[in-house]
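Coordinate inspection notes
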Amino acid sequence: MIKSCRATSRLPPALVFALFWVVCVSPTEAAGQSLGGTGTLRGIVRDATGAPVPSAIVELSNPVTSFSRQAKTGSEGAFAISGIPPNNYRLLVSLAGFQSITKNVVIQTAIPMDLEVRLEVAGQQTTVTVEATTDNLVENRATVSDVVDRQLLAALPTSSPDSGLNDAIIYTTPGVAADSNGFFHPLGDHAQVSYVIDGQPVSDQRNKVFSTSIPANAIQSMEVISGSPPAEYGDKTSLVINASTRSGLGQKPTGSVTASYGSFGTIGEEATLGLGGPRWGNFLVVNAERTGRFLDTPEFWPMHDIGNTGTFFDRVDFEPGGKDALHLDLMAARNWLQIPNTYDQPQQDQRQKVVSFNVAPGYQHTIDSKTLVSINAFVRRDQVSYYASRNPLEDSPATLAQDRSLTNFGAHVDLTHVQGRHNWKAGLNAMQTRLDEAFSLGITDPTYNAPYLTDGQPNPKFLSSLLPYDLTRGGQLYQFRGKANINQFAAFLQDSITLGDLTLNLGLRFDRYDGLTRGDGLQPRGAFSYLFKPTKTVIRGGYSHTIETPTNENLVASSSTGSGGLASNLFKGTAEQRPIALGSRNQYDAGIQQGLGRWVLVDVSYFRKYTRNAFDFDALFSTPITFPIGWKQSKLDGISARVSTIDIHGLRVYATMGHANARFFGPENGGIVFNSNLTIGAYRQDHDQVYQQNVNLHYQTKNGWWTDFTWRYDSGLVVGAVNNLADALTLTAGQQSAIGLYCGDERATLAHRITSCNSPSYGAGQINILAPGTENDDHNPPRTKSRHMLNLGVGTDNLFHAERIRTIVRFTVVNLTNKAALYNFLSPFSGTHWVEPRSYQAQLGWAF
């Protein structure tokens, strides 16, 4: 039996027009400009007579975010610094024989800012400088966001291969709950994350089990927007990551190569090379890694978990004149991995391969000193192949295979104009996503869906619809094949208005979605912030209405199932096909930022989100195969906070905290749901967490050595499979052993399963088993045990204090105390995954 679903449509006129615009507009001149929403600072340094000053050192920095860039003036005294995220900065200009001068600089738009700096001869005049304190770094911004620079990215630990960027988001963004395989839950949502990379919008999952990730060492800086998003952002808006990649424009040859070795037989290399001239640049990244623990495993110690990853990234810049700038991003990557086994799957040999490529040209034209147009085109493809064991009966509890592809192409055009108090931005976005999915499944465990229990009684959870696909009872493989094209068009207009110490962000967005389901609508956005200068206090508030789109991975199969998923519909042979509908969200947020003394900055935010047709994933057993699902509605609210300091004699502290209530309401639609409780009441999802925090301490000594310490605390995500002791007694011996089940003095082991418990003293070491009658899906759900995760890193980026070729030495310990803890357990939305055991990594490399 083969089911199929196909949706096709021609290219939308808006997409054809946008692509024609990108291809046919010819660049004329060029300037030092930035792409992807970041700014550029250009200037000329002169002496007291007005003559240009060559070879002056120009440094732009923000000690709170660790942002720092340097440039040297040329023969005409000119300099340019690009890729600057919107924020407040300190500009320092210095040269021997002249007095150094410091200025405050505010970057708000992508339009290049021009500046003239005058240096006085040393000893003739006293220059007033501005110290690096929080007084001048309080952010009077209406949008809640955090900026992370390359220096901080490089120091953070990576706990999972091909997940460096996502790990950095987890460690630096308030309100983000950590999950397995580098995945994370932003502000109560399961996913709903959009990336904008050098102006290219990417709303599909950037995770190694879905696709491949952009390498963290290719990122120059990123702005993470967690509040009500401006109108320019759509699709998935719970978190927006606006990242700028590293450029070789105007650089002398610079680069690095490092080799690493660590626990689980992990070996890897990272290589970068940047070079360029005044009008061109190229930056190249080549990374590779092989490890015996590629995915987070369903057992504490990995079994059948070898994997490797390779990534190639190249950015090319060209600026032929004074008003135009072009760039081209190229990326190709591959992940190959084994699917980890449990003790109940000793012979299983399932594997997965992911191959991705991305081509994204961009162009900017400066019309005048107040107006800038940006154009980005892109094509991106992910191909995922999932392989069953050669002998299907060695797979348990089912044999699975999948071959799917996602191809996304389109264009984005926007116009920025600054006039007086106003900062206008208008734009269009058009793209098409082509989905092609093939999937097969067959039950191989005779006890998984047995008609009768071991005592001969009928099994109340038996699904007769699965019987034709039970290979142990004469069934055959279920097979699915489907295709779909999804066309999307968006237009937006927004304005940032500065009225003294009051900032207003107003915007309107229109989205049209035409795929397996259809919909469109206007989305008003608004936010404000106000700075109380005497107390260094900023208050803010915001509202946004957004149209949320479902994830594209396995969307065709999932949209073919209807309420209850495959087990309730397709396996019964029914004709119901209910595509997962678009989500409609109203979000409210408020916050306050406060400078404490000269060195500390505190930021606290509150959010509340109401969503009709909310989204989640449905995991297939403990495999990385997931299917998008929809819920009738969700109500999310919580608090997030950030505490950061400037550099205090080499010490920098950065801490984030968060709390989220994630309440979802049935019925559920789509996915693959076996024997699940499709409640119509409130249900806490596994991305609901009472409290999490990250604390990062980074200390840099004067001789170049640094120490980095991170402390991650998670109070525990919701566990959906074990609500009480009765549920725990139905688990296998391996599953009981994994959670550390005990009853009095009796403890479960791999060789001993607890079948009954009459002792009042019972529980589990890794999950909370609730007392009889106290379980409640909304107010008292079971959770994994809380955990403290400590990581430590030491190193130096110039061991021998050389000027030309620097020696890099680093040593990192992840999970310093070897804490055994679960991210989740038998979750219908995530499966079972353990945190990484204590592991070590040593790196040796050279930079020039």
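This section reports on the structure supplied with the text. (Residues numbered from 1 in each chain as written. Predicted model: local features only at pLDDT ≥ 70, side-chain atom pairs only at ≥ 80, totals over all residues. Heavy atoms only, no water.)

**A word on the overall build of the chain**
Within the chain, the regular secondary structure consists of six helices and 43 strands. For a compact globule of 848 residues, the expected C-alpha radius of gyration is about 29 Å, and the chain comes in at 27 Å, within 12% of that figure. Dimensions of the chain along its principal axes, counting C-alpha atoms only, are 100 × 60 × 50 Å. For the chain, with 848 residues in total, the buried portion stands at 58%. Partitioning the intrachain contacts of the chain with sequence separation of at least 6 by distance along the chain shows that 68% fall at a separation of at least 24. On the chain, roughly 32,300 Å² of surface is accessible, and the fraction owed to carbon and sulfur atoms is 58%. Counting 69 positive and 73 negative side-chain charges, the chain places the averaged centre of each group 2 Å from the other. (Helix = DSSP H or I, 4+ residues; strand = E, 2+ residues; numbered from the N terminus. Rg over C-alpha atoms; globule rule 2.2 N^0.38 Å. Buried < 20%, exposed > 50% of the residue type's maximum accessible area, 1.4 Å probe, protein only. Contact = heavy atoms within 4.5 Å. Areas by Shrake-Rupley, 256 points an atom, 1.4 Å probe, with all protein chains shown as cover. Lys, Arg positive; Asp, Glu negative; His and termini not counted. Charge placed at Lys NZ, Arg CZ, Asp CG, Glu CD.)

**Observations concerning the pattern of salt bridges**
In this structure the tally under the stated criterion is 33 salt bridges. In this structure, Arg380 and Asp382 form a salt bridge, with 3.8 Å as the shortest nitrogen-oxygen distance. Each member of the pair, Arg380 as well as Asp382, is classed as buried. When the shortest N-O distance is used, the salt bridge between Arg663 and Asp778 registers 2.8 Å. Here Arg663, found in strand S32 (residues 651-669), pairs with Asp778, found in the loop between strand S38 (762-764) and strand S39 (787-796); they are 115 residues apart in sequence, far enough to count as distant. Overall, Arg663 belongs to the partly exposed group, its relative accessible area being 21%. Linked through salt bridges whose partners overlap, the residues forming this network are Glu139, Asp146, Arg540, Asp603 and Arg642. (Salt bridge = Lys/Arg side-chain N within 4 Å of Asp/Glu carboxyl O.)

**Notes on the side chain of Gln692**
Following the sequence through the fold, Gln692 ends up in strand S34 (residues 689-700). Since its relative accessible area comes to 3%, Gln692 is described here as buried. Within the structure, the side chain of Gln692 is placed 2.9 Å from the side chain of Gln689, a separation counted as a polar contact. What Gln692 contacts, discounting residues up to four positions off in sequence, is Gly175, Val176, Ala177, Thr656, Met657, Gly658, His659, Arg712, Tyr713 and Asp714. (Polar contact = N/O pair within 3.5 Å; in protein donor to acceptor, adjacent residues only side chain to side chain.)

**Some words on the packing of aromatic side chains**
Inspection of the entire model under this criterion finds 15 aromatic pairs. Considering the side-chain rings of Phe811 and Tyr840, the 6.2 Å spacing of their centres and the 20° angle between planes classify their relative orientation as stacked. One end of the pair, Phe811, is in strand S40 (residues 806-814); the other, Tyr840, is in strand S43 (residues 839-847), with 29 residues separating them in the sequence. Phe811 sits in the partly exposed class, given a relative accessible area of 37%. Relative accessible area serves as the criterion here: at 39%, Tyr840 is assigned to the partly exposed category. Three or more aromatic residues joined by ring pairs form one cluster here, namely Phe264, Phe300, Trp301 and Trp834. In this structure, Lys208 is placed above the aromatic ring of Phe294, and the distance from its NZ or CZ to the ring centre is 4.9 Å. (Phe/Tyr/Trp six-rings, centres within 6.5 Å; stacked < 30°, edge-to-face > 60°. Lys NZ or Arg CZ within 6 Å of the ring centre and 35° of its normal.)

**Some remarks on the sheet that holds strand S36 (residues 741-743)**
Reading across the sheet, the three strands line up as S37-S36-S38 and stay open at both edges, with antiparallel pairing between neighbours. Each edge of the open sheet is held by one strand with a lone partner, namely strand S37 (746-747) and S38. Note that S36 and S37 share two bridges and pair antiparallel. Residue pairing across strands places Cys743 opposite Glu746, the latter belonging to S37. (Pairing = 2+ DSSP bridges.)

Remember, this is a structural readout, not a statement about activity or role.
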